[in-house]
Amino acid sequence: TLRRLVQRVAMILQAEKCAIHILDRGAGELAAQPPAFGIAESDLPFIRTPVSNGITGEVFRTEKPAIFHDAAADPRACTESYARFGIRNGVIVPLLVEKRDADNHVLDRATIGVLGVYNKRYQGEFLEEDVQLLERLARNAAAIIANAQMFRELVEEREKLAHTIESLYAGLLLVGESGRLMQMNARARQIFNVSGEPVGRPLADVIHHEKAVEVLARMLIRQEVTDETPEGEDPKVADEINVADPGTEEDRIFQMHSAQVRGEDQHLIGTAIILNDITDIRNLERMKTEFVAIAAHELRTPMTPIKGFISMLAQDDVDSFSFEER
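All of these numbers come straight from a predicted model, not from anything done at the bench. (Residues numbered from 1 in each chain as written. Predicted model: local features only at pLDDT ≥ 70, side-chain atom pairs only at ≥ 80, totals over all residues. Heavy atoms only, no water.)

### Notes on helix 1 (residues 2-12)
As a reminder of what qualifies: To sort residues, take the accessible area from a 1.4 Å probe on protein chains only and compare it with the maximum for the residue type: under 20% means buried, over 50% means exposed, and anything in between is partly exposed. Secondary structure counts use DSSP, requiring at least four H or I residues in a row for a helix and at least two E residues in a row for a strand, with both numbered from the N terminus. This arc describes the spread of directions from the helix axis toward the C-beta atoms.
The complete set of buried residues in helix 1 reads Leu2, Leu5, Val6, Val9 and Ala10. For helix 1, the angular spread of buried residues about the axis comes to 130 degrees, placing them on one side. Opposite the buried face of helix 1, by more than 90 degrees, sit the exposed residues Arg8 and Met11. Following helix 1 by one or two positions, Gln14 has its phi on the positive side, about 55 degrees.

Pasting the structure below:
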């Protein structure tokens, strides 16, 4: 859509080049973005202008269009690479995104970038009529670009979330209301030795660990029935399962916690289950218990004869005292 749009803008205004400059918030610059018309895509990364400089920055800051007839002689163009890309003249207008109410009153307005057309065909000059026409075309362009930006940001956020979930050391499962897996990260797939794509499949078809399936089923029922802890159950006590490690074939101990996942409207999306590896903690607890038992035994062993000797000495003192008294 954007590619067709820049082509039509250039055709209507009889321009040799057309480019969309979007604000890069991190760098504080207006950067040319694909698609463009009449400019090689490999050159676009080099067309960047700080918002405080140049004609492009001026249009963005003031939200007013600008026209220049000679890029080489215009002092505003000194900081921009017009000569490098063969730009002689041009028109630049702001890309404004407006939010309106039911009565078509503007509630909010934001500038997301600028739209520029360059080099009037047949060595012509851009006129004020061209500026007005480009402003009208820029309104449609701004709406399309804003939607594209929103979609791109949504995809990027989703990818970041997916990578974050995949890199978690803890195993994570998200089970939908239908009992099908909505998410299963790499650690969870490793724990249950799952191959292939588990998303969308029933939980029991993916996980073949009997104890785990039993615990998960109980967690799902508990979450579906009520948010409150059933009578007789301690909410702080988590379920534990033993799973053989495929690499070492030694049992690993995992603690399982569950929680409901709801949307903004409080509609139940599913149940999230976290599996934490507590094998090392349990080993340390066992070692501590064994150490205390061994230490207590070793201390009691020499104490028995010592207590006997003390009793004997105490008895000897009593007998000696009684003999002298007599």
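### Quick word on the environment of Ala73
Looking at the element boundaries, Ala73 is found in the loop between strand 4 (66-68) and strand 5 (90-100). Taking relative accessible area as the criterion, Ala73 reaches 55% and is therefore assigned exposed. Counting along the chain gives 15 residues from Ala73 to Arg88, while the straight-line C-alpha distance between them is 9.8 Å.

### Quick look at the environment of Ala83
Turning to its location among the elements, Ala83 is positioned in the loop between strand 4 and strand 5. Given the relative accessible area of 72%, Ala83 is considered exposed. Between the alpha carbons of Ala83 and Ala72 there is a distance of 7.2 Å; along the sequence they are 11 residues apart.

### A closer look at unusual backbone geometry
Omega for the bond connecting Pro34 with Pro35 falls within 30 degrees of zero, at 5 degrees, which places this linkage in the cis form. Note on placement: Pro35 falls in strand 2 (residues 29-37). The phi angle at Glu63 is positive, at roughly 60 degrees, despite the residue not being glycine. Tracing the sequence through the fold places Glu63 in the loop between helix 2 (54-62) and strand 4. Under the relative-accessibility criterion, Glu63 is labelled partly exposed at 29%. Notably, Asn119 is not glycine yet its phi reads approximately 60 degrees, a positive angle. You can see Asn119 is positioned in strand 6 (residues 106-120). For Asn119, a relative accessible area of 1% puts it in the buried group.

### Points about the packing of aromatic side chains
For clarity, the cut-off: Stacked, edge-to-face and tilted are the three classes for Phe, Tyr and Trp ring pairs, Trp counted by its six-membered ring, which pair at centre distances within 6.5 Å; planes under 30 degrees apart are stacked, over 60 edge-to-face, the rest tilted. Placement of a positive charge over a ring is assigned whenever Lys NZ or Arg CZ falls within 6 Å of the ring centre and within 35 degrees of the normal to the ring plane.
A full pass over the atoms with the stated rule returns 3 aromatic pairs. Judged by centre distance (6.5 Å) and plane angle (45 degrees), the ring pair of Phe68 and Tyr118 falls under tilted. Of this pair, Phe68 sits in strand 4 while Tyr118 sits in strand 6; the two residues are 50 residues apart in sequence, bridging distant segments of the chain. A relative accessible area of 1% means that Phe68 is categorised as buried. Through a chain of ring-to-ring contacts, three or more aromatic side chains come together here, namely Phe68, Tyr82 and Tyr118. Over the ring of Tyr169 we find Arg187; its NZ or CZ atom is 5.1 Å from the centre of that ring.

### Considerations on the pattern of salt bridges
Rules: Counted as salt bridges are all cases of a side-chain nitrogen of Lys or Arg within 4 Å of a carboxyl oxygen of Asp or Glu.
Applying the stated criterion across every chain yields a total of 16 salt bridges. Between Glu29 and Arg48 there is a salt bridge, and its shortest N-O distance comes to 2.7 Å. Residue Glu29 is found in strand 2, and its partner Arg48 is found in strand 3 (residues 48-50); the two are separated by 19 residues along the sequence. The closest approach of N and O atoms between Lys120 and Asp130, which form a salt bridge, is 3.2 Å. On the criterion of sequence distance, the pair formed by Lys120 in strand 6 and Asp130 in helix 3 (residues 128-166) is long-range, its members being 10 residues apart. In this structure, Lys120 and Asp130 share a single accessibility class: buried. Here the salt bridges share partners, and the residues they tie into one network are Asp24, Glu29 and Arg48.

### Focus: the sheet that holds strand 8 (residues 181-184)
Stated formally: At least two bridges found by DSSP between two strands is the condition for calling them paired. For helices, the axis comes from a line fit to the C-alpha atoms of the stretch in contact; other axes are also lines fit to C-alpha atoms, and the angle between any two N-to-C directions lies between 0 and 180 degrees.
If you trace the 5 strands from one edge of the open sheet to the other, you get 8-7-11-10-9, paired in antiparallel fashion. The sheet terminates laterally at strand 8 and strand 9 (239-244), the two strands that pair on one side only. Within this sheet the neighbouring strands show an average axis-to-axis angle of 25 degrees, counted without direction. Where strand 9 lies against strand 10 (residues 251-262), 6 bridges are found, and the strand directions are antiparallel. Residue pairing in the sheet places Glu240 in a bridge with Gln255 of strand 10.

Geometric values such as these leave the question of function open.
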